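# Descriptive structure summary
Each chain, written out:
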Amino acid sequence: MAEVKLAAQARTEFGKGAARRTRRANLVPAVVYGHGAEPAHITLPGHELMMALKTANVLISLEIDGKDALVIPKAIQRNALKGNIEHVDLLTVKRGEKVNVEIAVHAEGDLAPGGNLLEYVQNTLLVEAEATHIPESVTVSVAGLDAGASVLAKDIPLPKGSVLAGDEDAVVLQVVAAQAEEPTAEGEGTEA
């Protein structure tokens, strides 16, 4: 996993007005939590942060007033209409430390013939991995599965160094038979 470096500045102004001024300057207000330290209120460059967050569970190296901090995104607030980032909560991590993160689940392969449909019960899987080696996603084969079959969390092969952190018996994917509508006869149900 690549590490993204961002320069951060400590925030001294708080509140709605200060946040609006920060966003107009193309900066994003953020808070850094973790490891028993006091939360650090910072601002990050908007465009660089947006590009970094395009990678799921990205590892970000922050430089805050001459001090370095390694963080991962915990919560991202976006504008409902414009989609731009309004605020970010970041979690401090250390190299070698294990963290719980959600990774995307992707399916590959063709289902058994007969009009079967693949349903994602969960789009993500909760795993525990080293903070510097977080997998982006996991791929599971659904080749040949027929209606009624399901894939449990424990059946999905995880990348090396990752272990399942959620319920191992949770259904992640299931195959369902396609529902066909019964054709209605012409003129049925209409009165003359």
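Each remark here, short or long, concerns the structure printed above.
Described in the following lines is the structure provided in the data block. Everything numeric in this text was worked out from a predicted model, so none of it was measured.

This part takes up the sheet that holds strand S10 (residues 137-141). Taken together, the four strands give an open sheet; going across it, the order is S10-S7-S9-S12, and neighbouring strands pair in mixed fashion. This sheet does not close on itself; its edge strands, each paired only once, are S10 and strand S12 (163-164). Pairing of strand S9 (residues 124-130) with S12, which is carried by two bridges, proceeds in the antiparallel orientation. Bridge pairing links Val 127 to Leu 164 in S12.

Here the focus is a positive patch on the surface. A surface patch of positive charge is lined by Lys 16, Arg 20, Arg 23 and Arg 24. Note on placement: Arg 23 falls in helix H1 (residues 16-24).

This part is about the sheet that holds strand S6 (residues 85-92). Around the barrel, which closes on itself, the six strands sit in the order S1-S3-S2-S6-S5-S4 with mixed pairing between neighbours. Taking each pair of neighbouring strands and ignoring which way they run, the sheet shows an average axis angle of 45°. Of the pairings in the sheet, the one linking strand S4 (residues 59-64) to strand S5 (residues 67-78) comprises five bridges and is antiparallel in character. Directly across from Ile 64, in S5, lies its bridge partner Lys 67. Lying on the sheet, H1 is in contact with strand S2 (27-33), strand S3 (40-45) and S6; it crosses S2 at an angle near 120°.

Moving on to the side chain of His 87. Structurally, His 87 is set in strand S6. Relative accessible area serves as the criterion here: at 16%, His 87 is assigned to the buried category. Once residues lying within four places of it in the same chain are set aside, the contact partners of His 87 are Arg 11, Val 28, Pro 29, Ala 30, Val 31, Ala 75, Ile 76 and Gln 77.

Turning our eyes to something else, we now look at the side chain of Asp 89. Examined against the element boundaries, Asp 89 turns out to sit in strand S6. Buried charged residue Asp 89 carries no salt bridge. Nearest counter-charge: Arg 11, at 7.4 Å. Dropping the residues within four chain positions of it, Asp 89 is found in contact with Val 31, Tyr 33, Ile 72, Pro 73, Lys 74 and Ala 75.

Quick look at unusual backbone geometry now. Of all residues except glycine, most have a negative phi; of all peptide bonds, most are trans. Although it is not a glycine, Asn 26 sits at a positive phi angle of roughly 60°. Along the polypeptide, Asn 26 turns up in the loop between H1 and S2.

Grouped burial of nonpolar side chains is what soluble globular proteins tend to show. Judged by nonpolar contacts, the single largest core of 20 residues is most densely connected at Leu 125 and Ile 156. Where this core is concerned, the elements lending two or more residues are S5, strand S7 (98-108), S9, S10 and strand S13 (171-177). Discounting residues that sit within four places of it in the chain, Leu 125 has contacts with Val 101, Glu 102, Ile 103, Val 105, Val 138, Ala 153, Ile 156, Leu 158, Leu 164 and Val 172. Formed by 17 residues, the second largest nonpolar core is a distinct cluster that contains Leu 6, Ala 8, Ile 85 and Val 88.

As a further point, take the pairing of S10. What you see with S10 is a clean split: Val 138 and Val 140 sit on the buried side and Ser 137, Thr 139 and Ser 141 on the side with no burial. Direction of pairing for S7 relative to S10: parallel, over a ladder of five bridges. Bridge pairing in S10 links Val 105 to Val 138.

Summarising burial for S2: five of the seven residues are buried, a large majority. Both S2 and S3 contribute to a ladder of six bridges, which runs antiparallel. Bridging across to S3, Val 31 finds its partner in His 41. Between S2 and S3, which pair antiparallel and follow one another directly, the connecting turn spans six residues, one of which, Gly 34, has a positive phi of 120°. When S2 meets S6, the two strands line up parallel, connected through four bridges. Of the residues in S6, the one forming a bridge with Ala 30 is Val 88.

Side chains that are three or four residues apart share a direction in an α-helix, a result of its 3.6 residues per turn. Turning to H1, its buried residues number three or more, namely Ala 18, Ala 19 and Thr 22. Projected down its long axis, H1 carries its buried residues within an arc of 100°, all on one side. In H1, the exposed positions angled more than 90 degrees off the buried face are occupied by Lys 16 and Arg 24. Structurally, H1 contributes buried residues whose contacts are with S2 and S3. Following H1 by one or two positions, Asn 26 adopts a phi angle in the positive range, close to 60°.

Reading the values: rules and limits
Residues numbered from 1 in each chain as written. Predicted model: local features only at pLDDT ≥ 70, side-chain atom pairs only at ≥ 80, totals over all residues. Heavy atoms only, no water. Pairing = 2+ DSSP bridges. Helix = DSSP H or I, 4+ residues; strand = E, 2+ residues; numbered from the N terminus. Patch = residues over 30% accessible without salt bridge, like charges linked within 9 Å, V, L, I, M, F, W, Y side chains within 5 Å. Areas by Shrake-Rupley, 256 points an atom, 1.4 Å probe, with all protein chains shown as cover. Salt bridge = Lys/Arg side-chain N within 4 Å of Asp/Glu carboxyl O. Lys, Arg positive; Asp, Glu negative; His and termini not counted. Charge placed at Lys NZ, Arg CZ, Asp CG, Glu CD. Axes fitted to C-alpha atoms, helices over the stretch in contact; angles between N-to-C directions. Contact = heavy atoms within 4.5 Å. Buried < 20%, exposed > 50% of the residue type's maximum accessible area, 1.4 Å probe, protein only. Core = buried A, V, L, I, M, F, W, Y, C linked by side-chain atoms within 4.5 Å. Arc of directions from axis to C-beta.

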